[in-house]
Amino acid sequence: GSGRSAYAPRPGEQPVVVLRVQIVSCIDLLAKDKGGVSDPFVVVTVLLDCFRTPALKKTVNPIWSP
């Protein structure tokens, strides 16, 4: 193969779609740590790219700032 992803645009080709994902918050997550809390984070995977929010400490109702 050429080493190029089948999903990548060809040289000179513009992408057709731009996807924007914003993680805002979660409500009533399961507590996994002692004391009834968790250190939650979100992982988003699109094709071969993986993105992760920062972990928020000691909460089951995380809110990520924009």
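Please read all numbers here as calculations on a predicted model, not as lab measurements.

**Q** Account for the overall build of the protein, with residues named and values stated.
**A** When helices and strands are tallied, the protein shows zero helices and two strands. Over its C-alpha trace the protein gives a radius of gyration of 18 Å, far above what one expects of a compact globule, namely 11 Å for 66 residues. Along the three orthogonal principal directions, the C-alpha set of the protein runs to about 55 × 25 × 15 Å. Counting only contacts in the protein whose residues sit at least 6 apart along the sequence, the fraction spanning at least 24 positions is 37%. For the protein, the exposed area adds up to about 5900 Å²; of that, 58% sits on carbon and sulfur atoms. Positive and negative side-chain charges in the protein, numbering 8 and 5 respectively, have mean positions lying 4 Å apart.

**Q** Requested: an account of the layout of surface pockets, with residues and values cited.
**A** Put simply, the largest pocket is a space of about 550 Å³. Around the largest pocket sit 19 residues that line it, and V17, L19, V46, L47 and D49 are the ones nearest its centre. Sorting the residues of the lining of the largest pocket by element identifies β1 (43-46) and β2 (49-52) as the ones contributing at least two each. Broken down by class, the residue content of the lining of the largest pocket amounts to 15 nonpolar, two polar and two charged.

Procedures and definitions
- In this convention, every chain numbers its residues from 1, walking through the sequence in written order.
- Since the coordinates come from a predicted model, pLDDT governs what is reported: local features require at least 70, and pairs of side-chain atoms require 80 or more to be given and counted, while whole-chain, interface and lining totals use all residues.
- Side-chain calculation: all heavy atoms of the structure are included, whereas hydrogens and water are not.
- Helix and strand definitions here come from DSSP, where helices need a minimum of 4 consecutive H or I residues and strands a minimum of 2 consecutive E residues; each element is numbered from the N-terminal end.
- Only C-alpha atoms enter the radius of gyration, while the globule expectation follows 2.2 Å times N to the 0.38, with N the number of residues.
- The contact criterion used throughout is that any non-hydrogen atoms of two residues lie within 4.5 Å.
- Computed with a 1.4 Å probe, the accessible areas rest on the Shrake-Rupley method; for each residue, only the protein chains presented here act as cover.
- Charge assignment in this entry is limited to Lys and Arg as positive and Asp and Glu as negative, and neither His nor the chain termini are counted.
- Charge placement uses NZ in Lys and CZ in Arg. For Asp and Glu, CG and CD serve respectively.
- Cavities and pockets are found on a 1 Å grid laid over the protein atoms alone: a cavity is a set of points where a 1.4 Å probe fits but cannot escape, a pocket is an open set with protein on both sides within 12 Å along at least five of seven lines, and a lining residue has an atom within 4 Å of such a point.
- Grid points are joined across faces, edges and corners, and a volume is the space filled by probe spheres set on the points.
- Note on residue classes: Ala, Val, Leu, Ile, Met, Phe, Trp, Tyr, Cys and Pro are nonpolar, Asp, Glu, Lys and Arg are charged, and everything else, Gly too, is polar.

Take it as geometry only, folks, not as evidence of what the structure does.
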